Amino acid sequence: MEEPIASPDSVLDEIRALCAQNGGTLNKKHVKKHYPELLRRALYYFPSWDHAVAKATQ
């Protein structure tokens with residue numbers, strides 16, 4: 001059985017936490033290399049990584 005995908009709100013919370021942890025650096029290339037599951041979940045719910053980051057940091 002496949003693990004359920006995270007909710008959009010939990011994805012945004014993870015992006016916010018990552019932003020705080022990395023001093024605001026949310027470069028897609030860095031995230032893809034170090035947090036591929038977060039990127040995959042963000043792209044499941046949002047049209048692009050930049051859109052997810054903008055939504056998380058509003």
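Relevant structure appears above.
Residues numbered from 1 in each chain as written. Predicted model: local features only at pLDDT ≥ 70, side-chain atom pairs only at ≥ 80, totals over all residues. Heavy atoms only, no water.

A. Here's a closer look at helix α4 (residues 49-56). Of the positions making up α4, those classed as buried are Trp-49, Ala-52, Val-53 and Ala-56. For α4, the arc enclosing every buried residue in end-on projection is 100°, short of the 170-degree limit, so these residues lie on one face. In the core, the buried residues of α4 are packed alongside α1 (8-21), α2 (28-34) and α3 (36-45). (Buried < 20%, exposed > 50% of the residue type's maximum accessible area, 1.4 Å probe, protein only. Helix = DSSP H or I, 4+ residues; strand = E, 2+ residues; numbered from the N terminus. Arc of directions from axis to C-beta. Contact = heavy atoms within 4.5 Å.)

B. Quick peek at α3. Buried within α3 are the following residues: Leu-38, Leu-39, Arg-41 and Ala-42. Taken around the axis of α3, the buried residues stretch over an arc of 165°, which confines them to a single face. On its buried face, α3 is in contact with α1, α2 and α4.

C. Local environment of the nonpolar core. Grouped together as the largest cluster of nonpolar side chains are 16 residues, with contacts concentrated most on Val-11, Ile-15, Leu-26, Leu-38, Ala-42 and Trp-49. Put simply, the parts of the chain that give this core at least two residues each are α1, α3 and α4. (Core = buried A, V, L, I, M, F, W, Y, C linked by side-chain atoms within 4.5 Å.)

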